[in-house]
Amino acid sequence: MAHTGPPGILASVRAALLESFGREATVLEVPDPVPADDGVVVAVEATGLCRSDWHAWAGHDPGVVLPHVPGHELAGTVTAVGRDVSRWRPGARVTVPFVCGCGVCPVCLAGDAQVCPAQEQPGFTHWGSFAELVALRYADTNLVALPDDLSASAAASLGCRFATSYRALVARARTTASEWVCVVGCGGVGLSAVMVARSLGARVVAVDLHADALDLALRLGAEQVVDASRVDDVPAAVVALTDGGAHVSVDAVGSPTTCADAVLALRRRGRHVQVGLLPGVLGNPPVPMERVIAYELDLFGSHGMAATDYPGLLDLVRAGRLRPDLLVTRTVGLAEGAVELARMDVAQTAGITVVDPRR
């Protein structure tokens, strides 16, 4: 079955197409993408299943227009380039930040493409990577070359979860060795934060509701864990384990409870980084600002990472201090990925599930 697309484009590419929010996407043939003048087309070899994709699937993102192909965390090979692209040629193995800055505005020129006002995001502002091919804009600004020895499944997580965690802990919180980092939520981004914090020499206490996620956090470097399903006061437990509270906290879930727990787990003059989305559908949940004021806490938002900041992250990977491959626990095909996407809010799977669109 072919889905009708833009005129003049042959329908020949398999993709998971979302035609109604909150309903399972269907694997169909969709229009074969062509590159914009400043863009490329990438043959997707791996794309992560991320909670942000679930928010798009559920209709929480007002920028998503149906019909839609989700997916924003990808790795693959360039197959076609636009006429204005100078840095890339077909055959290059690449990943890309999930925020693609325009590269020419004052924000991008200052090195902050991750908050570009003209940004595009695969899987959100346009069709994404739950497909055999994906078109990406602003290629010269955003594509990141992959090391030859890094698998596509491991590299896919560098587009969102590891990049987001790395920037949150390094550029935003400025985490230093021996500091305590409290990571609330041990899904893909939370476990990435555990691994990044350990690679920086920090000490980690991980918080989650699920024993298998906490077990994996321990294997990946967490020094302490808190099972939120068994503890009445999560912040008090973290404070006790860290001798006064964490220096840095990360909410990797994005709920009223996890945000508040992460903030209240900090010691005086601590730094909190909000990574998990707190969408308006949750009622714009409050943050415990009385504690923020009394303890003089710093609150940071973190929204991905610009391509210019990838060298530091890749240096950790090349040195073996950061092993994104250890976080990939399952690889599925497009059809199974569509099923898994619809179940993300209720099914708990430790680690990262990767979709291989060629399957």
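Residues numbered from 1 in each chain as written. Predicted model: local features only at pLDDT ≥ 70, side-chain atom pairs only at ≥ 80, totals over all residues. Heavy atoms only, no water.

A. Seen up close, unusual backbone geometry. Geometrically, the link from L66 to P67 is a cis peptide bond, its omega value of -5° lying close to zero. By secondary structure assignment, the location of P67 is in the loop between helix 1 (51-58) and strand 4 (74-81). In this structure, E296 takes a positive phi of about 50° despite not being glycine. With respect to the secondary-structure elements, E296 resides in the loop between helix 10 (289-295) and strand 13 (298-301). (Helix = DSSP H or I, 4+ residues; strand = E, 2+ residues; numbered from the N terminus.)

B. Highlighting the packing of aromatic side chains. In the structure shown here, the tally under the stated rule is one aromatic pair. Seen in terms of ring centroids, W54 and W57 are 6.3 Å apart; in terms of plane orientation they differ by 35°. Their pairing is tilted. Here the residue W54 and the residue W57 both occupy positions in helix 1, the gap between them amounting to three residues, near one helical turn. In this structure, W54 and W57 share a single accessibility class: buried. Stacked on the ring of Y295, the Lys or Arg R268 has its end atom at 4.2 Å from the ring centre. Its guanidinium or amino end placed over the ring of Y295, R291 lies 4.4 Å from that ring's centre, counting from NZ or CZ. (Phe/Tyr/Trp six-rings, centres within 6.5 Å; stacked < 30°, edge-to-face > 60°. Buried < 20%, exposed > 50% of the residue type's maximum accessible area, 1.4 Å probe, protein only. Lys NZ or Arg CZ within 6 Å of the ring centre and 35° of its normal.)

C. View of the nonpolar core. Judged by nonpolar contacts, the single largest core of 53 residues is most densely connected at L158, L169, Y310, L313, L322 and L327. Residue contributions to this core peak at seven residues, all from helix 6 (residues 188-199). Every residue in contact with Y310, bar those within four places of it in the chain, is listed here: T95, V96, P97, V144, L158, G159, A163 and M305. Membership of the second largest hydrophobic core comes to 22 residues, among which are V42, A92, V96 and V134. (Core = buried A, V, L, I, M, F, W, Y, C linked by side-chain atoms within 4.5 Å. Contact = heavy atoms within 4.5 Å.)

D. Just the pairing of strand 15 (residues 352-355), in detail. Side chains I352 and V354 of strand 15 all project onto a buried face; the interleaved residues T353 and V355 project onto the opposite face, where all are buried too. In this structure, strand 3 (residues 40-48) lies alongside strand 15, joined through two bridges in antiparallel fashion. Considered in strand 15, the bridge of T47 is made with V355. By the bridge criterion, four bridges tie strand 14 (residues 328-332) to strand 15 in an arrangement that is parallel. Looking across to strand 15, one finds that V332 is bridged to V355. (Pairing = 2+ DSSP bridges.)

E. Broad picture of the sheet that holds strand 10 (residues 224-227). Sheet architecture is open: six strands sit in the order 10-9-8-11-12-13, paired in parallel fashion. Each of the sheet's edge strands pairs with one partner strand only, and the pair in question is strand 10 and strand 13. Pairs of neighbouring strands in the sheet enclose a mean axial angle of 20°, with direction left out of account. Against the sheet, helix 9 (residues 256-264) makes contact with strand 8 (180-184), strand 11 (246-251), strand 12 (266-274) and strand 13, and its axis sits at roughly 145° relative to strand 12, the strand it touches most. (Axes fitted to C-alpha atoms, helices over the stretch in contact; angles between N-to-C directions.)

F. Region of interest: the packing of helix 5 (residues 161-172) against helix 11 (residues 310-318). Two elements in contact, helix 5 and helix 11, have axes separated by 10 Å at closest approach and are oriented at 110°. When the axes of helix 5 and helix 11 are compared, the pair comes out roughly perpendicular. Of helix 11, the residues touching helix 5 (which contributes F162, A163 and Y166) are Y310, G312, L313 and L316. Among the residues making up the contact of helix 5 with helix 11, the classes are represented as six nonpolar, one polar and no charged. (Parallel < 35°, antiparallel > 145°, perpendicular 65-115°, else oblique. Nonpolar A, V, L, I, M, F, W, Y, C, P; charged D, E, K, R; others polar.)

G. Region of interest: the environment of E223. Here E223 lies in the loop between helix 7 (211-219) and strand 10. Using a relative accessible area of 37% as the deciding quantity, one classes E223 as partly exposed. Sequence separation of E223 and W57 is 166 residues, and the distance between their C-alpha atoms is 35 Å. Every residue in contact with E223, bar those within four places of it in the chain, is listed here: W180, R203, V204 and L218.

H. Structural view of helix 8 (residues 234-241). Along helix 8, the residues that are buried comprise V234, P235, A237 and V238. Buried residues of helix 8, viewed axially, fall in a sector of 160°; they line one side. Next to the buried residues of helix 8 lie strand 8, strand 9 (203-208), strand 10 and helix 9. Here helix 8 starts with a cap whose side-chain oxygen sits 3.1 Å from the backbone nitrogen of A236, and that cap is D233. Following helix 8 by one or two positions, D243 adopts a phi angle in the positive range, close to 55°. (Arc of directions from axis to C-beta. Polar contact = N/O pair within 3.5 Å; in protein donor to acceptor, adjacent residues only side chain to side chain.)

I. Inspection of the confidence of the model for the protein chain at higher detail. Looking at the protein chain as a whole, the pLDDT averages 93, with 95% of positions reaching at least 70. Every residue in residues 1-10 scores below 50 in pLDDT, and together they form 19 contacts with partners more than four places removed in sequence or on other chains. (pLDDT = per-residue confidence, 0-100.)

J. How the structure looks around the pattern of salt bridges. Counted according to the given criterion, the structure contains 15 salt bridges. D38 is the partner of R137 in a salt bridge, and the nearest nitrogen-oxygen pair spans 2.7 Å. Placement of R137 in the loop between strand 6 (133-136) and helix 3 (139-142) and of D38 in the loop between strand 2 (26-31) and strand 3 is noted, with a sequence separation of 99 residues between them. What makes R137 partly exposed here is its relative accessible area of 29%. Between R203 and E223 there is a salt bridge, and its shortest N-O distance comes to 2.6 Å. (Salt bridge = Lys/Arg side-chain N within 4 Å of Asp/Glu carboxyl O.)

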